[in-house]
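Here is what each chain is made of, one letter per residue.
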Amino acid sequence: MEIISVNSYEEMSEKTCSMVLNKIKHLQNPVLGLATGSTPEGLYHRIIDEADDVSFRHVSTFNLDEYVGLNKEDPNSYQYYMNDKLFKHIDIPDENAHLPNGVAVDLEKECHDYERFIREAGHVDIQILGLGLNGHIGFNEPGTSFSSRTHVVDLDESTRNANARFFGSIDEVPTKAITMGIETIMESKEILLLVSGEAKAEALARLVNGEVTESFPASILQQHEHVTIIADEAALSKL
Ligand SMILES: O=P(O)(O)OC[C@H]1O[C@](O)(CO)[C@@H](O)[C@@H]1O
């Protein structure tokens, strides 16, 4: 894996933006894998800044995950997040921008269909990933099988606590989510992992130098052939 060290969150976002836009300009029908959380917000700002010069009409996107039980009008749903922070500002056709539906009546079928859509799109060309403090990628919590596909997960208490900052209280944080599986993520042709801040330094060191183990899901990235980590100095401080 390649590690790009940057000075700041802003530089991380800028660098990632230029890598993503480069892909979009050179591929005929690029498929982007997108993430939510705080980490990619700066990236989406940057993309919007460039949106007058870059068209997304030929782009498809697949998000990593969605909370179960939140509909797209709920400000805490990832569908709302993506509309608000990216999709409504760019010219991507609605039908090309995919997230799992967290209020689907049949969640198993939803997971199955999501996998099929990714496959039919030709798989993800470039996947953006953030890193959970406990090593989760997407919402694949510690203990998730490396051979998992898109599935429904029970969220860890630690993840619900970490994300409670977006909700009124911990009680409002959903207990379940739909996430792409580890194997689904590993099928992406290229992965850009963004990590910022000292709080993630321990997790990043374990990802890069630790044992590859299902108890720390992000460690599987050591086995992917084309991963670039773009991280600031604080995040890299324990490597
Ligand atoms: O970027 P953040 O907010 O630190 O979150 C890290 C990861 O955790 C999640 O938000 C899920 O909890 C992922 O979507 C994200 O990649």
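Reading the values: rules and limits
- Starting from 1, residues in each chain are numbered consecutively following that chain's sequence as written.
- Restriction of local features to residues with pLDDT of at least 70 applies here, the model being predicted, together with a cutoff of 80 or more for giving and counting side-chain atom pairs; totals for whole chains, interfaces and linings are based on all residues.
- Burial in this document is a count-based property: other C-beta atoms within 10 Å of a residue's C-beta are tallied, and the residue is buried at 20 or more, exposed at 12 or fewer, or partly exposed in between, with C-beta positions derived from the backbone.
- Secondary structure elements are taken from DSSP: a helix is a run of H or I of four residues or more, a strand is a run of E of two residues or more, and numbering for both begins at the N terminus.
- Within this analysis, the arc is defined by the directions that extend from the helix axis to the C-beta atoms.
- Each residue gets a C-beta atom placed from its backbone, and two residues are in contact if those atoms lie within 7 Å.
- Any residue whose C-beta atom, as placed from the backbone, lies within 6 Å of a molecule or strand is termed near it.
- When residues are grouped by polarity, Ala, Val, Leu, Ile, Met, Phe, Trp, Tyr, Cys and Pro land in nonpolar, Asp, Glu, Lys and Arg in charged, and all others, Gly among them, in polar.
- Scored from 0 to 100, pLDDT records how confident the predictor is in each individual residue.
- Here, strands pair whenever DSSP counts at least two bridges between them.
- All axes here are fitted lines through C-alpha atoms, helices being fitted over the stretch that makes contact, and every angle between N-to-C directions spans 0 to 180 degrees.
- UniProt positions are given in the numbering used here, feature names are shortened, and annotations may be inferred rather than shown by experiment.

1. Details of helix α3 (residues 78-85)
Step number 1: Buried within α3 are the following residues: Tyr 78, Gln 79, Tyr 81 and Met 82. Down the axis of α3, the buried set is contained in an arc of 160°. They therefore lie on one face.
Step number 2: The elements touched by buried residues of α3 are β2 (31-34), β3 (60-63) and β4 (65-67).

2. Here we look at the site of the ligand
Step number 1: Lining the immediate surroundings of the ligand are Ala 35, Thr 36, Gly 37, Ser 38, Thr 39, Asp 65, Gly 130, Leu 131, Gly 132, Phe 139, Thr 159 and Asn 163.
Step number 2: Taken together, the residues that form the shell around the ligand break down as three nonpolar, eight polar and one charged.

3. Some details on unusual backbone geometry
Step number 1: Phi at His 123 takes a positive value of approximately 75°, unusual for a residue other than glycine.
Step number 2: Tracing the chain through its elements places His 123 in the loop between α4 (107-120) and β6 (126-129).

4. Topic: the confidence of the model for the protein chain
Step number 1: Chain-level statistics for the protein chain give a pLDDT mean of 97 and a share of 100% at 70 or above.
Step number 2: Scoring the predicted complex yields pTM 0.97 and, for the interface, ipTM 0.92.

5. Topic: the sheet that holds strand β8 (residues 176-179)
Step number 1: With respect to topology, three strands assemble into an open sheet ordered β4-β8-β7, the strand pairing being antiparallel. At either margin of the open sheet sits one strand with a lone partner, and together these are β4 and β7 (151-154). When the angles between neighbouring strand axes are averaged without regard to direction, this sheet yields 25°.
Step number 2: Looking at chain direction, β7 and β8 are connected through four bridges and run antiparallel. Bridge assignment links Val 152 to a residue of β8, and that residue is Ile 178.

6. Structural notes on the UniProt feature "active site" (unreviewed entry) in the protein chain
Step number 1: Using the residue numbers shown here, the UniProt feature "active site" (unreviewed entry) corresponds to Asp 65, Asn 134, His 136 and Glu 141.
Step number 2: Take His 136: there are 25 C-beta atoms within 10 Å of it, and that puts it in the buried class.
Step number 3: When neighbours within four sequence positions are excluded, His 136 is seen to be in contact with Glu 141, Thr 159 and Pro 217.
Step number 4: Mapping Glu 141 onto the fold places it in the loop between β6 and β7.
Step number 5: With 21 C-beta atoms counted inside 10 Å, the residue Glu 141 sits in the buried group.
Step number 6: Glu 141 has contacts with Asn 134, His 136, Val 153, Leu 155, Asp 156 and Thr 159, leaving out every residue within four places of it along the chain.

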